[in-house]
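Each chain, written out:
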Amino acid sequence: MKTHLIYYRITPASPEINVTAAIIIIRNPFDMTLSEKNRETSKSQVGITSWYDDIRHNNSKLLVWKKFAVFHARIYMARPISWMQSGIPYIIVHYENIIKDTIGEVKRMTDFLNVSYAVTEERIKCLQKNTEGNYLRTSKDKKKMYEMFTDDLKKIFIGHMKGLSQYLPESQPIPWQSCFSPLLGNIPNISSIEPLYDPLLKFPPKVQT
């Protein structure tokens, strides 16, 4: 089962779903938010629109965008933590690490699920051939999209990243260097930003040791 839902929004509504293990895939919140905005505006999993041109000089639409972005920064943190604290066995997989080492990360996931026997040489070769495809969004105006992250939004996003990082196992930290596209421009001083903890969470922050 694939889901984008917070854990406690699945099980009460669908008690018939028996989740026995979870692979928690975490993508940096900047790209995650842009992906969701393009999905929402294009009504497609691979579509892309020029939504940023429509709101750039419209104060009311700009406010809607900022609320959208902040909400998804909160979801970025709340969703994985809810699954980590569900009591279900899990592993953390960072999207950026999948891009860097697709084969290695796939093997790690299949090992966790005890289905490593399914990773045959033939399937590995197929995966190597198809790590990119027409499911990827492409745009000549990516810079304009990233420019929608103002300095105040960048600080909010980084705050939630630092908050989430305190829950992650030491063996799977946030790959910070891979999370900031050059198109984002200047990045605030990360060390000066306090971690954010979100009211969406139904449980208090607890640092994982």
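Data block above holds the structure.
Residues numbered from 1 in each chain as written. Predicted model: local features only at pLDDT ≥ 70, side-chain atom pairs only at ≥ 80, totals over all residues. Heavy atoms only, no water.

### Details of the overall build of the chain
For clarity, the cut-off: The way it works is that DSSP assigns letters per residue, a run of H or I at least four long becomes a helix, a run of E at least two long becomes a strand, and they are numbered from the N terminus. Remark: exposure states derive from per-residue accessible area (1.4 Å probe, protein chains only) relative to the maximum for the residue type, with buried under 20%, exposed over 50%, and partly exposed in between. Contacts between residues were defined by any pair of non-hydrogen atoms, one from each residue, lying within 4.5 Å. The method behind every accessible area is Shrake-Rupley, applied with a 1.4 Å probe, and residues are considered shielded solely by the protein chains displayed.
When you go through the chain residue by residue, the secondary structure sums to nine helices and two strands. In the chain, the succession of α and β elements from N to C terminus is β-α-α-α-β-α-α-α-α-α-α. A buried classification covers 39% of the 209 residues belonging to the chain. Counting only contacts in the chain whose residues sit at least 6 apart along the sequence, the fraction spanning at least 24 positions is 80%. Element-wise, carbon and sulfur atoms account for 53% of the exposed surface of the chain, whose accessible area totals about 12,400 Å².

### Concerning the pattern of salt bridges
Condition: Salt bridge, as applied in this entry: a Lys or Arg side-chain nitrogen positioned within 4 Å of an Asp or Glu carboxyl oxygen.
What the rule picks out here adds up to six salt bridges. In this structure, R39 and E36 form a salt bridge, with 2.6 Å as the shortest nitrogen-oxygen distance. With a gap of three residues between them, R39 and E36 both fall in helix α1 (residues 29-42), about one helical turn apart. Under the relative-accessibility criterion, R39 is labelled partly exposed at 31%. Look at E36 and you get partly exposed, because its relative accessible area is 23%.

### Focus: the nonpolar core
Formally: Definition of nonpolar core: a set of buried residues of the types Ala, Val, Leu, Ile, Met, Phe, Trp, Tyr and Cys, connected through side-chain atoms within 4.5 Å.
Residues F30, W51, W65, Y76, M84, F149 and L164 are the most contacted members of the largest nonpolar core, which totals 38 residues. Within the residue set of this core, elements represented by two or more residues are β1 (22-26), α1, α2 (51-55), α3 (59-84), α7 (142-146) and α8 (151-165). A per-element tally of this core places α3 first, with nine residues. Excluding anything up to four places from it in sequence, Y76 contacts I26, R27, N28, P29, M32, H160, M161, L164 and I174.

### Focus: helix α5 (residues 102-112)
Keep this limit in mind: Starting at the helix axis, one direction is taken to each C-beta atom, and the arc is that of these directions.
Buried within α5 are the following residues: T102, I103, E105, M109 and T110. Down the axis of α5, the buried side of the element spans an arc of 165 degrees, and every buried residue falls inside it. Buried residues in α5 make contact with β1, β2 (90-94), α4 (95-100) and α6 (121-129). Looking one or two residues past α5, N114 carries a phi angle of roughly 60 degrees, positive in sign.

### Here we look at the packing of α1 against α3
Quick note on the threshold: Only C-alpha atoms enter the line fits that serve as axes; for helices the fit covers just the stretch in contact. Angles between N-to-C directions range over 0 to 180 degrees. Comment on the angle field: the value is read as roughly parallel under 35 degrees, roughly antiparallel over 145, roughly perpendicular from 65 to 115, and oblique elsewhere. Put simply, a crossing is left-handed when the front helix is turned counterclockwise from the back one by less than a right angle, and right-handed when it is turned clockwise. Any residue that is not Ala, Val, Leu, Ile, Met, Phe, Trp, Tyr, Cys, Pro, Asp, Glu, Lys or Arg is counted as polar, Gly included; the first ten are nonpolar and the last four charged.
In the contact formed by α1 and α3, the axes pass within 10 Å of each other and the chain directions differ by 120 degrees. Between α1 and α3, the angle falls in the class oblique. Seen from above, α1 lies across α3 with right-handed handedness. Seen from α1, the contacting residues are P29, M32, T33, L34, E36, K37 and E40; seen from α3, they are W65, F68, A69, H72, Y76 and R79. Across the contact of α1 with α3, the residue classes break down as seven nonpolar, two polar and four charged.

### What about a nonpolar patch on the surface?
In plain terms, the rule: The residues that make up patches have over 30% relative accessible area and no salt bridge, and they are joined within 9 Å when like-charged or within 5 Å when they are Val, Leu, Ile, Met, Phe, Trp or Tyr.
Side chains of I23, I25 and L113 sit close together on the surface and give an oily, nonpolar patch of about 240 Å² of accessible area. Mapped onto the elements of the fold, I23 is located in strand β1.

### Remarks on unusual backbone geometry
The backbone of N114 sits at a positive phi, close to 60 degrees, despite the residue not being glycine. By secondary structure assignment, the location of N114 is in the loop between α5 and α6.

### What to know about the pairing of β1
Successive residues of a regular strand alternate their side chains across the two faces of the sheet. The following threshold applies: Note: two strands are recorded as paired if DSSP finds a minimum of 2 bridges between them.
Side-chain alternation along β1 places A22, I24 and I26 on a buried face and I23 and I25 on a face that remains uncovered. Here β1 pairs with β2 via five bridges, running parallel. Its bridge partner being in β2, A22 is matched across the sheet by Y90.

### Here's the deal with the side chain of T33
As a reminder, the rule being used: The definition of a polar contact used here is a pair of N or O atoms within 3.5 Å, where within protein one atom must be able to donate a hydrogen and the other to accept one, and adjacent residues in sequence count solely through side-chain atom pairs.
With respect to the helices and strands, the residue T33 is situated in helix α1. In this structure the side chain of T33 is engaged in a polar contact, spanning 2.7 Å, whose partner is the backbone oxygen of P29.

### Let's talk about the packing of α5 against α6
Contact geometry for α5 and α6: axes closest at 10 Å, N-to-C directions at 135 degrees. With respect to each other, α5 and α6 are oriented oblique. The interaxial crossing formed by α5 with α6 has right-handed handedness. Residue-level inspection shows T102, I103, V106 and K107 of α5 in contact with α6, the latter providing I124, L127 and Q128.

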